[in-house]
Amino acid sequence: MATEAEAQAYIDDMARARGYVLDYHKVMAKQDFDVLTAANNLVSSAYLKQRKLDRATKELIFIVSLTVMRASKGHIQTHIRVALDLGLSPGEILEAIEIALPEAGIVAFQAGFDAWREVVGADGLEPTVTVHEGGSGSN
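These numbers were taken from a predicted model, which means no experiment stands behind them.

Rules of the game
- Residues numbered from 1 in each chain as written.
- Predicted model: local features only at pLDDT ≥ 70, side-chain atom pairs only at ≥ 80, totals over all residues.
- Heavy atoms only, no water.
- Phe/Tyr/Trp six-rings, centres within 6.5 Å; stacked < 30°, edge-to-face > 60°.
- Helix = DSSP H or I, 4+ residues; strand = E, 2+ residues; numbered from the N terminus.
- Buried < 20%, exposed > 50% of the residue type's maximum accessible area, 1.4 Å probe, protein only.
- Patch = residues over 30% accessible without salt bridge, like charges linked within 9 Å, V, L, I, M, F, W, Y side chains within 5 Å.
- Areas by Shrake-Rupley, 256 points an atom, 1.4 Å probe, with all protein chains shown as cover.
- Salt bridge = Lys/Arg side-chain N within 4 Å of Asp/Glu carboxyl O.
- Axes fitted to C-alpha atoms, helices over the stretch in contact; angles between N-to-C directions.
- Parallel < 35°, antiparallel > 145°, perpendicular 65-115°, else oblique.
- Contact = heavy atoms within 4.5 Å.
- Nonpolar A, V, L, I, M, F, W, Y, C, P; charged D, E, K, R; others polar.

Asker: Residue-level account of the packing of aromatic side chains, with values.
Answerer: Considering all chains together, one arrives at 3 aromatic pairs under this definition. Where Tyr10 meets Phe33, the ring centres are 5.1 Å apart and the plane angle is 75°; that geometry is what we call edge-to-face. Of this pair, Tyr10 sits in helix α1 (residues 4-18) while Phe33 sits in helix α3 (residues 33-48); the two residues are 23 residues apart in sequence, bridging distant segments of the chain. Each member of the pair, Tyr10 as well as Phe33, is classed as buried. Taken together through their ring pairs, the aromatic side chains of Phe109, Phe113 and Trp116 make up a single cluster.

Right, dumping it as structure tokens:
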């Protein structure tokens, strides 16, 4: 069982290493530190630790995985921001999200696309003819 100071230091280290912490990380640090550290060790080995794939490539894979799993928009957006911080362009991130389209379908793709659109501020074209509003396709 960690002290609150140790748990706080762990969260701060996690934020520095990942570039983000999720709400569940913050709560688990205080409520069940042992499970948080076990989960974080798995994520660190699979995602953060430099092995064969570079961090930017792993981030793109993470974004696509979250899109296909229909993760919350905020969760997807966190990883889009990390990808941008790593130097990936909005177009590279969109290209990765587009992989979800043929594999997981339009509904999953739209969730990732909408998260991307909000983060990078992408706009589109409006029809110049009368149409029914189609909506964003997201929840």
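On we go from here.
Asker: So what's going on with unusual backbone geometry? Which residues, and what values?
Answerer: With a phi close to 60°, Arg70 is a non-glycine residue in the positive phi region. Tracing the chain through its elements places Arg70 in the loop between α4 (55-68) and α5 (73-85). The class for Arg70 is partly exposed, based on a relative accessible area of 35%.

Asker: Break down a nonpolar patch on the surface for me, citing the residues and quoting the values.
Answerer: On the surface, a nonpolar cluster with roughly 240 Å² of combined accessible area is contributed by Leu101, Ile106 and Val107. Mapped onto the fold, Ile106 is located in helix α8 (residues 106-120). Of the residues examined, Ile106 reaches a relative accessible area of 46% and is grouped as partly exposed.

Asker: I'd like a description of the packing of α3 against α4, backed by residues and values.
Answerer: Contact geometry for α3 and α4: axes closest at 10 Å, N-to-C directions at 115°. Taken as axis vectors, α3 and α4 run roughly perpendicular relative to one another. On the side of α3, the interface is formed by Ala46, Tyr47 and Leu48, while α4 contributes Arg55, Lys58, Glu59 and Phe62. Considering only residue class, the contact of α3 with α4 consists of 4 nonpolar, no polar and 3 charged.

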